[in-house]
Amino acid sequence: MIKGSIPALVTPFKNGELDLVTLKKLVDWHIAEGSTGLVPVGTTGESPTLSHAEHQRVIEEVVAAAAGRVPVIAGAGSNNTVEGISLIRHAEKVGADAALVVTPYYNKPTQAGLIAHYTALHDCCTLPIIIYNIPGRSVVDMTPETMGKLAELPRIIGVKDATGKIERVSMQRATCGADFIQLSGEDATALGFNAHGGVGCISVTANVAPRLCAEFQAATLAGDYAKALEYQDRLMPLHEAIFIEPGLVGAKYGLSLLGLCSDEVRLPLVGLTDGTKARIKAAMRHAGLIG
């Protein structure tokens, strides 16, 4: 089962090109630190500015580097259903364990359109699909009722919920069933999310603090919310600081402080302001990640 702490991996760059050597090192590091899955080429992996060839290469490299040690959930979303079919078929071909498929952005489909889109992706291959519901970016919000209809399809297995509405977990349990995999897409509210019935988080902060995030998730899944709250207190300043500016930029900067990855990003994203850098440094010290 897909659960626990699952980093939404950054995509390392070196002089504007993919840095695959660093990517492989990050995969090994995350697994050694206790991460229970990996998501390559989500939006945290800068999917909007990767070419199709780069997108595919990153998934191939992560699948190969993970070598079956943890599930690899490949980013395969698009607002173009035909393009989404191509991405998910490639992910299946190279051995990904599941696909993360965002609700189509910008073109604002209706709930009927969402059902048609996900059904087409479901029917084009045999890969399990996790819905990514993030209305703050995609503008559309998949309702619990719509999700319940999609959950009837055998390979629509779960959701990454970034609505920020913790009550959605209970509502989706009612429409999708208790076995439907519910993963938080928002680090700061993952504690409450799991208390409502969630089983993990596809996390940005876990790029920088994989061990702490993994131990936090393990505590919640064991029902030890007192211990989980201690981790939450250590991590909360980092959750906040990383998202002062776009989260992936904050995550790459945090990794650069650990000596694990360049902070290089692609336009239209740019490096962090000095004030945000200071906040992230302070938060990492608070969490015990740096001296």
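Residues numbered from 1 in each chain as written. Predicted model: local features only at pLDDT ≥ 70, side-chain atom pairs only at ≥ 80, totals over all residues. Heavy atoms only, no water.

Now for the environment of Lys 3. Structurally, the position occupied by Lys 3 is in the segment before β1 (4-7). Residue Lys 3 is classed as partly exposed on the basis of its relative accessible area of 40%. Along the backbone, Lys 3 and Ile 181 are 178 residues apart, and their C-alpha atoms lie at a distance of 7.8 Å. Setting aside residues up to four positions removed in sequence, Lys 3 forms contacts with Thr 36, Leu 183, Val 199 and Leu 221. (Helix = DSSP H or I, 4+ residues; strand = E, 2+ residues; numbered from the N terminus. Buried < 20%, exposed > 50% of the residue type's maximum accessible area, 1.4 Å probe, protein only. Contact = heavy atoms within 4.5 Å.)

Bringing the environment of Gly 247 into the picture now. Relative to the assigned elements, Gly 247 resides in helix α11 (residues 247-257). When its relative accessible area of 5% is taken as the criterion, Gly 247 is described as buried. With 204 residues separating them along the chain, Gly 247 and Thr 43 place their C-alpha atoms 9.7 Å apart.

Turning our eyes to something else, we now look at the nonpolar core. A general tendency of soluble globular proteins is for nonpolar side chains to be buried together. Ranked by size, the top nonpolar core spans 43 residues in total, and within it Val 27, Leu 38, Val 62, Ile 88 and Ile 131 carry the most contacts. Contributions of two or more residues to this core are made by α1 (20-32), α2 (52-66), α3 (81-93), β5 (98-102), α4 (111-123), β6 (129-133), α6 (144-151) and β7 (156-161). A per-element tally of this core places α2 first, with six residues. In this structure, Val 62 is in contact with Leu 9, Leu 23, Val 27, Leu 38, Pro 40 and Val 72, ignoring residues within four places of it in sequence. Ranked by size, the runner-up nonpolar core spans 32 residues in total, among them Val 10, Ala 190, Val 265 and Met 284. (Core = buried A, V, L, I, M, F, W, Y, C linked by side-chain atoms within 4.5 Å.)

Here we come to the pairing of strand β8 (residues 181-184). A two-sided burial pattern is seen for β8, the buried positions comprising Ile 181 and Leu 183 on one face and Gln 182 and Ser 184 on the other. Relative to β8, β7 runs parallel, the two sharing four bridges. Counterpart to Val 159 in the pairing with β8 is Gln 182. What joins β7 to β8 is helix α7 (residues 167-176), and the crossover it makes is right-handed. For the crossover that starts at β8, traverses helix α8 (residues 190-195) and ends in the parallel strand β9 (residues 200-203), the hand is right-handed. (Pairing = 2+ DSSP bridges. Right-handed = clockwise from strand over helix to strand, strands pointing away.)

Two aromatic rings are characterised by how far apart their centres lie and by the angle between their planes. What the rule picks out here adds up to zero aromatic pairs. Just above the ring of Tyr 132 sits the side chain of Lys 160; from NZ or CZ to the centre is 4.0 Å. (Phe/Tyr/Trp six-rings, centres within 6.5 Å; stacked < 30°, edge-to-face > 60°. Lys NZ or Arg CZ within 6 Å of the ring centre and 35° of its normal.)

Attention now moves to the sheet that holds strand β4 (residues 73-75). Overall, parallel pairing links the seven strands, which are arranged β1-β9-β8-β7-β6-β5-β4 in an open sheet. In this open sheet, the two strands that pair with only one neighbour each are β1 and β4. Each adjacent strand pair in this sheet contributes to an overall mean axis angle of 30°, direction not counted. Of the strands in this sheet, β1 and β9 are in contact with helix α9 (residues 210-221), which crosses β1 at around 150°. (Axes fitted to C-alpha atoms, helices over the stretch in contact; angles between N-to-C directions.)

Summed over all chains, the structure comprises seven salt bridges. With a shortest N-O distance of 2.8 Å, Glu 54 and Arg 266 are connected by a salt bridge. Highlighted residues: Glu 54 in helix α2 and Arg 266 in the loop between α11 and α12 (274-287), separated in sequence by 212 residues. No difference in accessibility class separates Glu 54 from Arg 266, as the two residues are buried. Salt bridges linked by common partners bring Lys 24, Arg 57 and Glu 61 together as one network. (Salt bridge = Lys/Arg side-chain N within 4 Å of Asp/Glu carboxyl O.)

Geometrically, the link from Leu 267 to Pro 268 is a cis peptide bond, its omega value of 15° lying close to zero. Residue placement: Pro 268 occurs in the loop between α11 and α12. Within the chain, Asn 15 stands out as a residue other than glycine whose phi angle is a positive 55°. For Asn 15, the position within the fold is in the loop between β2 (13-14) and β3 (17-18). Given the relative accessible area of 70%, Asn 15 is considered exposed.

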